[in-house]
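# Geometric and topological summary
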Amino acid sequence: MRKVFVVIVVLAALQMMAQTTSFDQFKQQQNAKWDKFKTDKQEEFDAFRKQVNEQYAEFMRRKWEVFPVQEEEKPVEEKTVPPVVYKDPTPQQETKPQPAPTPQPKPQEEEKPLPKEDI
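Parameters at a glance
- Residues numbered from 1 in each chain as written.
- Predicted model: local features only at pLDDT ≥ 70, side-chain atom pairs only at ≥ 80, totals over all residues.
- Heavy atoms only, no water.
- Salt bridge = Lys/Arg side-chain N within 4 Å of Asp/Glu carboxyl O.
- Helix = DSSP H or I, 4+ residues; strand = E, 2+ residues; numbered from the N terminus.
- Buried < 20%, exposed > 50% of the residue type's maximum accessible area, 1.4 Å probe, protein only.

## With respect to the pattern of salt bridges
All told, the structure shown has three salt bridges when counted by the stated rule. Note that K41 and E44 form a salt bridge whose closest N and O atoms lie 3.5 Å from each other. Within this pair, K41 and its partner E44 are both found in helix α1 (residues 2-61), separated by three residues, close to a single helical turn. Note that R61 is salt-bridged to E58, the shortest N-O span being 3.6 Å. Placement of the pair is R61 and E58 together in helix α1, with a separation of three residues, close to one helical turn. For R61, a relative accessible area of 64% translates into the label exposed. You can call E58 partly exposed: its relative accessible area is 41%.

Below, the structure written as structure tokens:
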């Protein structure tokens, strides 16, 4: 029984070592692919940037069109208007008292006789 157990442990250890080395190889391959992708994209960007800068430099070297300039227009002076000052009414100027409202007659209520109940 012990021999079988020892064989299983040894095989499991070998399997683990094989998995570790294959994972390391996979990791190295993926890192190499990433580095290649990164350098390719950086080179592509550098080429694009160089082309755009050359186009801009060529545009700046060309003769620019003359823009027609107009004379400035002077603003029209507006007539100044003096401010209006509000004066509070003084206590001497009293307003006329309002007449008291006339009382309205109230409608009269009619009393109705209550029906008699038999007891």
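Still more to cover.
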